[in-house]
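Each chain is listed here by its residues.
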Amino acid sequence: MIESLYDSSTGTITEFPHILHGTLSATLSNGGTTLNYGTSGDEILKFDSQYVYIRDRYNSSDVAVYNENGYVKTVSISDVDL
């Protein structure tokens, strides 16, 4: 399960949406860390215990969904409860 998100340039992400300035990593409930969900300039919309939602900077109507293992799927921004 995903417990928190961390931007390597700004620290723990506490407010959303968040424009990523460095590398995004997630702290997992098992004590592990998953790295490289996004790249600098990506907009982190939100996260929950299972998924991280990152808006596509080239197509603002698309949102990439990641879990602790990496990319899962792309959904429409209208399908994301913000």
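What comes next is a walk through the structure. (Residues numbered from 1 in each chain as written. Predicted model: local features only at pLDDT ≥ 70, side-chain atom pairs only at ≥ 80, totals over all residues. Heavy atoms only, no water.)

**Details of the sheet that holds strand 6 (residues 43-47)**
And step 1. Read across the sheet, 5 strands follow the order 3-6-7-8-9 without closing on themselves; strand pairing throughout is antiparallel. Looking at strand neighbours, the two that pair on one side only are strand 3 (18-19) and strand 9 (70-76), the edges of this open sheet.
And step 2. Judged from the 4 bridges that link them, strand 6 and strand 7 (residues 52-55) form a sheet pairing that is antiparallel. Residue pairing for strand 7: Glu43 is matched across the bridge by Arg55. (Pairing = 2+ DSSP bridges. Helix = DSSP H or I, 4+ residues; strand = E, 2+ residues; numbered from the N terminus.)

**Focus: the packing of aromatic side chains**
And step 1. Within this structure, the stated rule accounts for 3 aromatic pairs.
And step 2. A centroid spacing of 5.9 Å and a plane angle of 75 degrees characterise the contact between Tyr66 and Tyr71, whose relative ring orientation is edge-to-face.
And step 3. Between the NZ or CZ atom of Lys46 and the centre of the ring of Tyr53, over which it lies, the distance is 5.1 Å. (Phe/Tyr/Trp six-rings, centres within 6.5 Å; stacked < 30°, edge-to-face > 60°. Lys NZ or Arg CZ within 6 Å of the ring centre and 35° of its normal.)

**Structural notes on the nonpolar core**
And step 1. Grouped together as the largest cluster of nonpolar side chains are 13 residues, with contacts concentrated most on Ile2, Leu5, Leu24, Tyr37, Val52 and Ile54.
And step 2. Breaking this core down by element, the ones donating at least two residues are strand 1 (2-7), strand 4 (24-28), strand 7 and strand 8 (62-67).
And step 3. Sorting elements by how many residues they give to this core places strand 4 first, with 3 residues.
And step 4. Excluding anything up to four places from it in sequence, Val52 contacts Ile2, Leu5, Leu24, Tyr37, Ile44, Lys46, Phe47, Ala64, Val65 and Tyr66.
And step 5. Grouped together as the second largest cluster of nonpolar side chains are 6 residues, Leu45, Tyr53, Val75 and Val80 included. (Core = buried A, V, L, I, M, F, W, Y, C linked by side-chain atoms within 4.5 Å. Buried < 20%, exposed > 50% of the residue type's maximum accessible area, 1.4 Å probe, protein only. Contact = heavy atoms within 4.5 Å.)

**Some thoughts on the pattern of salt bridges**
And step 1. The full count for this structure, using the stated rule, is 2 salt bridges.
And step 2. The shortest N-O distance in the salt bridge between Arg57 and Asp42 comes to 3.1 Å. With Arg57 in the loop between strand 7 and strand 8 and Asp42 in the loop between strand 5 (33-35) and strand 6, this residue pair connects regions lying 15 residues apart in the sequence.
And step 3. A relative accessible area of 41% means that Arg57 is categorised as partly exposed.
And step 4. Exposure remark for Asp42: the relative accessible area of 10% places this residue in the buried category.
And step 5. Put simply, Arg55 and Glu43 hold a salt bridge, and the shortest N to O gap is 2.9 Å. With Arg55 in strand 7 and Glu43 in strand 6, this pair connects stretches of sequence that are 12 residues apart. (Salt bridge = Lys/Arg side-chain N within 4 Å of Asp/Glu carboxyl O.)

Don't take any of this as a statement about function, it's just geometry.
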